[in-house]
Amino acid sequence: MVTSWRLSSFEFVLMVGLALILVPRTQGWSKEGHILTCRIAQEMFIPLFFELGLLEPEAAEAVENLLPHYANGDLSSLCVWPDQIRHWYRYRWTSSLHFIDTPDDACTYEYSRDCHDPHGLKDMCITGAIQNFTSQLSHYSEGTSDRRRKEAYCSLN
């Protein structure tokens, strides 16, 4: 018996977020690296998820509705937003949400050891950010403002 399953908008955003952090890298990405990753996610993963029956049309529409009108449906036009805002006073705290601090001599990632900011505050890494912002998106219907929902979505990129 073959079981088919589809992704909700929450699961889709989580999958794209995980795909973005699991791409191997050795150095920080430039603006172009972020844009390219988002383009790949939008142009390859979304059609693939549709083809495999893993993505509901409602989920794709929800993602599309999160994009501001000036993005013209192009997710990659927003992918540098997290890098831009981490330098603004109000969002300086997000700086450590851009990486995972795995020790140089470690060959594995351990959330409890590696997900912290320079001061040791736990859950302050890209994995913690994905969990936090995905949770915010999944609880949107429980009263989260439109602005917070869009910030959460953009932060996942």
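Just so it is clear, the structure is predicted and the values come from calculations on it, not from any experiment. (Residues numbered from 1 in each chain as written. Predicted model: local features only at pLDDT ≥ 70, side-chain atom pairs only at ≥ 80, totals over all residues. Heavy atoms only, no water.)

### Notes on helix H3 (residues 57-66)
Move 1: Within H3, burial applies to Ala59, Ala60, Val63 and Leu66. All buried residues of H3 fall inside an arc of 120 degrees around its axis, so they share one side. (Buried < 20%, exposed > 50% of the residue type's maximum accessible area, 1.4 Å probe, protein only. Helix = DSSP H or I, 4+ residues; strand = E, 2+ residues; numbered from the N terminus. Arc of directions from axis to C-beta.)

### Details of the environment of Ser112
Move 1: Secondary-structure assignment places Ser112 in helix H5 (residues 111-114).
Move 2: Separated by 10 residues in sequence, Ser112 and Lys122 have C-alpha atoms that sit 7.7 Å apart.

### Focus on the pattern of salt bridges
Move 1: For the structure on display, the rule yields four salt bridges.
Move 2: Two residues, Asp83 and Arg86, come together in a salt bridge whose shortest N-O distance is 3.6 Å.
Move 3: In this structure Asp83 comes out as buried when scored by relative accessible area, which is 17%.
Move 4: With a shortest N-O distance of 2.5 Å, Arg113 and Asp114 are connected by a salt bridge. (Salt bridge = Lys/Arg side-chain N within 4 Å of Asp/Glu carboxyl O.)

### Let's talk about unusual backbone geometry
Move 1: A positive phi angle, close to 50 degrees, is found at Asn72, a residue other than glycine.
Move 2: If you trace the backbone, Asn72 turns up in the loop between H3 and helix H4 (81-85).
Move 3: Its identity is not glycine, yet Asp123 carries a phi of approximately 70 degrees, on the positive side.
Move 4: Here Asp123 lies in the loop between H5 and helix H6 (126-138).

### Examining the state of the cysteines
Move 1: In this structure the tally under the stated criterion is two disulfides.
Move 2: Cys115 shares a disulfide with Cys125; S-S distance 2.1 Å. Torsion about the S-S bond of the Cys115 and Cys125 cystine: about -100 degrees, corresponding to left-handed handedness. Taken together, the residues Cys115 in the loop between H5 and H6 and Cys125 in the loop between H5 and H6 connect sequence positions 10 residues apart.
Move 3: The exposure class assigned to Cys125 is buried, which follows from its relative accessible area of 0%.
Move 4: If one numbers only the bonded cysteines of the protein, in the order they occur, the disulfide pattern is 1-2, 3-4. (Disulfide = S-S within 2.5 Å.)

### A word on helix H2 (residues 31-51)
Move 1: Under the 1.5 Å per step criterion, the end-to-end length of H2 is 30 Å for 21 residues, consistent within 8% with the ideal 30 Å.
Move 2: Of all bends in H2, the biggest is about 25 degrees, found at Phe45, and the proline Pro47 comes one to four residues later.
Move 3: Inspection of H2 places Gly33, His34, Thr37, Cys38, Ala41, Gln42, Ile46 and Phe49 among the buried residues, and these make up the whole buried set.
Move 4: Phi turns positive, to about 75 degrees, at Gly53, one or two residues after H2. (Expected span 1.5 Å × (residues − 1). Bend = angle between axes of the 7 residues up to and from the residue.)

### Some details on the confidence of the model for the protein
Move 1: Across the protein, pLDDT averages 76, with 67% of residues at or above 70.
Move 2: Mean pLDDT per element in the protein: helix H7 (residues 146-156) is the minimum at 56, and H5 is the maximum at 94. (pLDDT = per-residue confidence, 0-100.)

### Here we look at a nonpolar patch on the surface
Move 1: A surface patch of nonpolar side chains, amounting to about 290 Å² of accessible area, comprises Leu36, Ile40 and Met44.
Move 2: Relative to the elements of secondary structure, Ile40 occurs in helix H2.
Move 3: Using a relative accessible area of 34% as the deciding quantity, one classes Ile40 as partly exposed. (Patch = residues over 30% accessible without salt bridge, like charges linked within 9 Å, V, L, I, M, F, W, Y side chains within 5 Å. Areas by Shrake-Rupley, 256 points an atom, 1.4 Å probe, with all protein chains shown as cover.)

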